[in-house]
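Read off the chains here:
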Amino acid sequence: MDSKKWIITFFATIVFIGAGIIGFNFFVDPYGVFDNIGIEWPSYEMTMNPRAAKITYLKDHHEEYDSYIIGCSSTSSFPTEQLNEYFDASFYNMIMYGADTLDTEQTARYLIENYEVKNLIINIYLDNAVEYDWTRDSLSYQMSPEVSGENPLGFYSKYLFLDPRVSLKKIKDLRQDTYLQQGFDVFNAETGAYDKKVRDAEHIGNMEEYLAAYPAFVNYPTVEKSIDEEAVAGTLKSIAAIRDLCEQKGIRFMVVCAPVYQEYLSYFDWDAVEDFYTRLASVTPYWDFSMSSVSCEPRYFYDETHFRNCVGKMALARIAGDDSVYIPEDFGVYVTPDNAEEHFREAKQAVALDAEENTADVPVLMYHHIDEQGDDSAIITPELFEQQIAALKEAGYTAVMPDDLLAYVNEGAELPDKPVVITFDDGYLSNYEYAYPILKQYGMCATIFVIGSTVGNTEHYKDTEYPITPHFSFEQAQEMIDSGVISIQSHTYDMHQWADYESGRARQNILRWEDESEEDYRKALTEDCEKERQAILDNTTESSVHVLAYPGGANDILAQETLQENGFDVTFTITPGCNTLVRGIPQSLIGMKRYNICESVSVDQVLEWVSAARG
Amino acid sequence: MKEQLMQILTECCPDIDFETEVALIDDGILESLDIVMIVSEIKDVLDVEITVDDLVPENFNSVDQILALVEARKS
Amino acid sequence: MAFTSLSFLILVAITVVVYYVFPKKLQWAVLLAASLAFYCIGGGKTVLYVFYTATTVYAAGLLLGYFNGKKDQVPKEQRKAVMEQYKKYRQLVVLFTCLANFVLLYILKYWNFTAELFQPLVDRFFHGAQIPLSSLLLPLGVSFFMFQSVGYVIDVYRGKYPPERNYLKLLLYVCFFPQMVQGPISRFHELAPQLYAQRKLDYTNLKYGIQLAMWGYFKKIVIADRAAVVVNTVMDNPWSYSGSMIAFGVLFYCIQLYGDFSGGIDITRGVARLFGIDLAENFQRPLFSVSLADFWRRWHITLGAWMRDYLFYPLALSKPFGKLGKITRKKIGGKLGKIIPTSLATFIIYFVIGIWHGANCRYIAFGFWNGSIITMSLLLEGKYSAIKKKLHINDKAAWFRAFQIMRTCFIVFLGRYITRAPRFLTAIWMIKETFLHPVLPNLWDGTILTLGLGIMDYVVILLSVMVMLAAEWYQEKHGVIREALEKQGFLVQWLAILIPLLVLLCFGILRSDTISSEFIYKQF
């Protein structure tokens, strides 16, 4: 071809390549900036840029929601479920990374002007008094032009001419997506809040262990922050503007100051803080959760800046006046111009709750089979068993049930001074024959975890010829339940199989098989939970099946999370140790530790173990 | 004159075929060092002074060109 | 303004459009405007140095023209005498111009270095006295444009051509923007006519220019910038690496240096070609050099040529050297005696080339290194030929040539230690380490993956270098590639556009967040 043609071809090729990149970026849209064409993955896109992706999401879904909560990322921890319940509404969580007040105002305005809004809650924290309009260049922080009023051309061209490797990454991540949340999709698209399924399935226990796992609370980063008058003025102006807009449109408007960790508060000059909060009160009354004993308890936080969902639940209960939920006394004050001064005087002195007040150490004992021939790590003789029970009784221990633990953690109920939880695994007939009478005699109670498929089985393993240790039947179980001494709970329906005796592939524990898909696994586990529940509830008067002991103690986050979805809120492992229950933190009831008690464990040993709790 | 010149050239650079080459500079056969050697020999033996200004390809590409230069400078 | 920056591309694009739209008589003015813009944006006030050099050589040129013209005013027989009469004045003009420029160059580039060198001496005699250090910024390309300009003056002195009477046109010659970063150093009679020529829009020029520039960008961004990662890692902390790793780093430095420099020259020539201007080549397949002297005729060609024409010849043929030659011829006699003055001149030249590169001990060492080896080989040439005869070695044999090439590569390779080591003494240590503690397994046990590049990167470098060598091999054998390309069908030619663009995009531009584009020769 001649040179002129060459030149034209050359530039045409460049345009062609450019168009290819633009087209690719538009179609893949990793930041969720372009309307929903191409590869849609809202939770991924929200992770990349919550501001833009959520607006795009709402374009298609806004009719499902009628209320919004807006703020920085910690705002996520006001659980949508509770919001919807207490406000009788359908909330969408508009959290954005590092939201400043201008972002909040613009978002509020956009939502009010375009969609139906019944309730609007905004979360204000002290950083809003440091910087009113924080400009950031990162593509993860750009606000949609319809909301910010900025030039759309500049906005969209940034994402059209994106480095195509970012789009490529989205495709790669799509292949690796799992049910449980990973680093690239931390949002739950339907609620707009962070998906904390994984974090909320972690066991939480004593302070030492917790601080070892999260050293940030020990080495809290030291930063200098100072409250700026301009920022304060801007923030108050924006809040007033939103307030007025809501009033105009008849929208219920609420301002909250979310819980923050005590060290964060120490960054600021107290007088400036007090000044800011007082002035805020004169713009609008608000709920202040930021300074209380909750701020002093690291276990109430996922990390240095985000409080836990369970704390959010407490906060919402406080707002709604729900007494059935445990709430620390000094947590949550409705601040008005009248009580502002007094509130801050008190808040200044916030200290952590006494460990005695908000935690309880609870040891759990695990038994299996009772037999005269006690020569196995799962067998104990009736004599020794009685001795142990008698010794516990004499030492002043009170046996408690999982429901008592739940009431302590969630409802603020009290536990006896020296609590102990007695458990039996597998549901052997010997429990009925020996343990039940003894417990009854000494006025103790226990929980027995039955394997649904073996209940009543006295001879053989399923339909094989292999002999098994006899299990009690549902009639016998009913008798025990009637007496109030025993609660029957789950050891799975049929996920504690003996591999040698199974014809097909055995489920020896509750874990997913390596080559099993997550979907199949969750389906299988859910089915098992349903079967177990049905078996127990249909055949006894047990009120609810919500406690589970892991077969063989094997558990992982996926299993735990699936169980939680299926209503199991108390679970036990076989790891020895004591448990620290923390009021308000349901995670202290999952993955609880138990001491294995058998013939080789002396009475003194048992007493030592249970008393170490209080030590 | 030509024989003396040829003798100088072949003594300086025995590997070069001065009879036939006509692009001694252009083809890089004669290098700057060679040129300096040749020039100083010419000064020494033929008592002809060749200056820097003369060191251009047109004067050194072939024996005949060098010869012409020498004769021009002699006068 | 870096060649790899968007602003440079925009500047070139605008200049090309304006150049061909402007009335032909003023096209050179467009180039001048672009050059000044380029310099001001990149260097700000340092553009004043350009004006300074341009002014000094302009004035010198005119003066020399005036003196030269004297001989035309008298009849033929008296010309020589007249020239003799004015010779002193003419020499003074040249001397003054050289001083005016090179002294400034010395102050800008070498003052601080020599000040620090002499500080201890000053401390001895004048306690507390501090030799003042200069905080002057080094103007872009000063080592290039000053030499180019002084060359013009000397050419005028030699009567090669009349001086340029248009100040602005001469200014363009001094600061033509594609050359400002790293040369080449052009000659007035070759470059100026091209600069001032009037041109129609010729798509072939655009095409060749774009092709050449793309090739240059390929070498620079895909090869050199990539290799630089390894080089920087190793050279920042050579003490934590074994001998073989150090050698690996130096090898990659050679790759980086060649890719960066020759790539930059290709971009320079490509951009100039857009305006129909053909700049001198600066590289001629240096990998195939048979000796160190041959290497310097293939690497940075225009610098070597400049030194040869304006320093070496005048020096070697000067009276003092002539006298020295007489003495050595008598005292030592034979071939050796004849070579000594030339060898001395050679040594000086390579020494100057060494320090031209920078104000640092290592460049002095570099100068010594090059100078000594070349001088030695000169002085020993006689003995060397004798050995070859005895062993019946045929000079022209292929294997001997291969041996020479490898030997040269090795010598050049060692020289790179000197120029790239963090400090001069470290270079000595590094060379020792390479031979004494190589720890060869490091080359294949995965250590090379800890230097900042992944497997993919190494593959890219390997393939790219192979492509580069293949292209150069082809050029050595068959001449220009693009002509062969033009004979192919549309598909092949289109692929020859698409593939380089994609390569540049995927392995070049999109990597630029992890690689920095440094032009090594930029601050000369």
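The rules behind the values
- Residues numbered from 1 in each chain as written.
- Chains lettered and ligands numbered in written order.
- Predicted model: local features only at pLDDT ≥ 70, side-chain atom pairs only at ≥ 80, totals over all residues.
- Heavy atoms only, no water.
- Helix = DSSP H or I, 4+ residues; strand = E, 2+ residues; numbered from the N terminus.
- Contact = heavy atoms within 4.5 Å.
- Buried area = accessible area lost by both parts, 1.4 Å probe.
- Salt bridge = Lys/Arg side-chain N within 4 Å of Asp/Glu carboxyl O.
- Polar contact = N/O pair within 3.5 Å; in protein donor to acceptor, adjacent residues only side chain to side chain.
- Nonpolar A, V, L, I, M, F, W, Y, C, P; charged D, E, K, R; others polar.
- Phe/Tyr/Trp six-rings, centres within 6.5 Å; stacked < 30°, edge-to-face > 60°.
- Buried < 20%, exposed > 50% of the residue type's maximum accessible area, 1.4 Å probe, protein only.
- Lys NZ or Arg CZ within 6 Å of the ring centre and 35° of its normal.
- Patch = residues over 30% accessible without salt bridge, like charges linked within 9 Å, V, L, I, M, F, W, Y side chains within 5 Å.
- Areas by Shrake-Rupley, 256 points an atom, 1.4 Å probe, with all protein chains shown as cover.
- pLDDT = per-residue confidence, 0-100.
- Pairing = 2+ DSSP bridges.
- Axes fitted to C-alpha atoms, helices over the stretch in contact; angles between N-to-C directions.
- Parallel < 35°, antiparallel > 145°, perpendicular 65-115°, else oblique.

*Asks:* Looking at this model, I keep getting lost on the overall build of chain B. Mind explaining?
*Replies:* Counting its secondary structure elements, chain B contains four helices and zero strands. Along chain B, from the amino end to the carboxyl end, the secondary structure elements read α-α-α-α. A principal-axis box enclosing the C-alpha atoms of chain B has dimensions of 30 × 25 × 20 Å. Summarising the internal contacts of chain B: among those between residues at least 6 apart in sequence, 57% fall at separations of at least 24.

*Asks:* Please clarify how the interface of chain A and chain C should be interpreted in this entry.
*Replies:* A common way to express how large an interface is: the accessible area buried when the components associate. At the interface, 15 residues of chain A touch 18 residues of chain C. Of the roughly 1,700 Å² buried between chain A and chain C, counting both surfaces, carbon and sulfur atoms make up 78%. For the pair chain A and chain C, the number of links is zero salt bridges. For the interface between chain A and chain C, the tally reads two residue pairs in polar contact (both at pLDDT 80 or more). Here the residues of the side of chain A that touches chain C are counted per class, giving nine nonpolar, three polar and three charged.

*Asks:* Where do I start with the packing of aromatic side chains in this structure?
*Replies:* Between two aromatic rings, the relevant description is the distance of the centres plus the angle of the planes. Residue and element names in this part refer to chain A. Inspection of every chain in the model, using the stated rule, returns 88 aromatic pairs over all chains. Geometrically, the ring pair formed by Y264 and Y267 is edge-to-face, given 5.8 Å between the ring centres and 65° between the ring planes. With relative accessibility at 7%, the residue Y264 sits in the buried group. For Y267, a relative accessible area of 13% corresponds to the buried category. The structure contains a cluster of three or more aromatic residues connected by ring pairs, namely Y210, Y214, F217, Y220, Y261, Y264, Y267, F268 and F301. Taking the ring centre of Y179 as reference, the NZ or CZ of K197 above it sits at 4.5 Å.

*Asks:* It is not clear to me how unusual backbone geometry should be interpreted in this structure. Could you clarify?
*Replies:* With a phi angle near 55°, D47 of chain B is a residue other than glycine that sits in the positive phi range. Along the chain, D47 of chain B falls in the loop between α2 (32-46) and α3 (57-60). According to the relative accessible area criterion, D47 of chain B is exposed, its value standing at 63%. Despite not being glycine, R285 of chain C has its phi angle at roughly 50°, a positive value. Residue placement: R285 of chain C occurs in the loop between α9 (243-274) and α10 (292-298). Residue classification places R285 of chain C among the buried residues on the basis of a relative accessible area of 18%.

*Asks:* Please explain a nonpolar patch on the surface as it appears in this structure.
*Replies:* All names here are of chain C. A grouping of Y89, L92, L95, L99, V103, Y106, I107 and L136 is seen on the molecular surface, where their side chains present a nonpolar patch of about 720 Å² in accessible area. In this fold, L99 is placed in helix α4 (residues 76-125). Residue classification places L99 among the partly exposed residues on the basis of a relative accessible area of 45%.

*Asks:* How should I be thinking about the confidence of the model for chain B in this particular structure?
*Replies:* Caution applies to low-pLDDT parts of the model: their predicted coordinates are not meant to be read in detail. When pLDDT is averaged along chain B, the result is 80; 99% of the residues meet or exceed 70. Across the interfaces of the predicted complex, the ipTM metric reaches 0.87, alongside a pTM of 0.76.

*Asks:* Any chance you could explain the sheet that holds strand β3 (residues 119-123) of chain A here in plain terms?
*Replies:* Two modes of strand pairing occur in sheets, parallel and antiparallel, and in both the strands are linked by backbone hydrogen bonds. Residue and element names in this part refer to chain A. Read from one edge of the open sheet, six strands run β2-β1-β3-β4-β5-β6, paired in mixed fashion. With one partner strand each, in any of the chains shown, β2 (91-93) and β6 (333-335) form the two edges of the open sheet. Taken pair by pair, the neighbouring strands of this sheet meet at an average axis angle of 25°, ignoring direction. By the bridge criterion, three bridges tie strand β1 (residues 67-70) to β2 in an arrangement that is parallel. Counted as the bridge partner of S67 is F91 from β2. Against the sheet, helix α14 (residues 340-347) contacts β5 (286-288) and β6, and its axis sits at roughly 140° relative to β6.

*Asks:* Whenever I open this one, the pairing of strand β13 (residues 446-450) of chain A confuses me. Can you help?
*Replies:* The two faces of a sheet get side chains in turn, since along a regular strand they alternate between them. Residues and elements named next belong to chain A. Across the five residues that make up β13, a large majority, five, are buried. Every second residue of β13 is oriented toward a common face, with A446, I448 and V450 on one face and T447 and F449 on the other, all of them buried. Here four bridges tie strand β12 (residues 419-426) to β13, and the two strands are oriented parallel to one another. Each residue of the ladder has a partner; that of F424, found in β13, is I448. Across five bridges, the pairing between β13 and strand β14 (residues 486-490) is parallel. Its bridge partner being in β14, I448 is matched across the sheet by I488.

*Asks:* How do you make sense of the arrangement of the chains when you look at a structure like this?
*Replies:* Ranking the two pairs of chains in contact by contact count places chains A and C at the top. There is a clear gap between chain A and chain B: no contact, and 31 Å between their nearest C-alpha atoms.

*Asks:* Which parts of the structure should I look at to understand the packing of helix α1 (residues 6-21) of chain C against α9 of chain C?
*Replies:* Residues and elements named next belong to chain C. Contact geometry for α1 and α9: axes closest at 10 Å, N-to-C directions at 25°. As summarised for this structure, α1 and α9 are arranged roughly parallel, according to the angle between their axes. In this structure, α1 uses F8, V12, V16 and Y20 to contact α9, whose residues at the interface are I267, V271 and L274. Residues of the contact of α1 with α9, tallied by class, amount to seven nonpolar, no polar and no charged.

*Asks:* Would you mind showing me how to read the interface of chain B and chain C here?
*Replies:* Tallying the contact residues gives 18 residues for chain B and 18 residues for chain C. Between chain B and chain C the total buried area reaches about 1,600 Å² when both faces are included, carbon and sulfur atoms providing 62% of it. Across the contact surface, chain B and chain C share one salt bridge. Residue assignment for the side of chain B that touches chain C shows that the elements contributing at least two residues are α1 (2-12) and α2 of chain B. Take the side of chain B that touches chain C: its biggest share by element is nine residues, from α2 of chain B. Its residues placed into classes, the side of chain B that touches chain C shows ten nonpolar, three polar and five charged.

*Asks:* Help me understand the side chain of D294 of chain C, please; the structure alone is not making it clear to me.
*Replies:* Position of D294 of chain C among the secondary structure elements: in helix α10. The residues contacting D294 of chain C, other than those within four sequence positions of it, are F288 and S289 of chain C.

*Asks:* What is the right way to read the pattern of salt bridges from this model?
*Replies:* For side chains of opposite charge, pairing can occur when their charged atoms come near one another. Residues and elements named next belong to chain A. With the rule as written, the count across this model stands at 34 salt bridges over all chains. Its salt-bridge partner being D173, residue K169 comes within 2.9 Å of it at the nearest N-O pair. Taken as a pair, K169 and D173 lie in helix α8 (residues 164-175) at a separation of four residues, close to a single helical turn. Exposure remark for D173: the relative accessible area of 6% places this residue in the buried category. Measuring nitrogen to oxygen at the nearest pair gives 3.0 Å for the salt bridge that ties R279 to E229. Taken as a pair, R279 in helix α12 (residues 270-283) and E229 in helix α10 (residues 229-249) lie far apart in primary sequence, 50 residues in all. Overall, the relative accessible area of 45% leaves E229 in the partly exposed class. What emerges from the salt-bridge pattern is a single network uniting R51, D100, D103 and R136.

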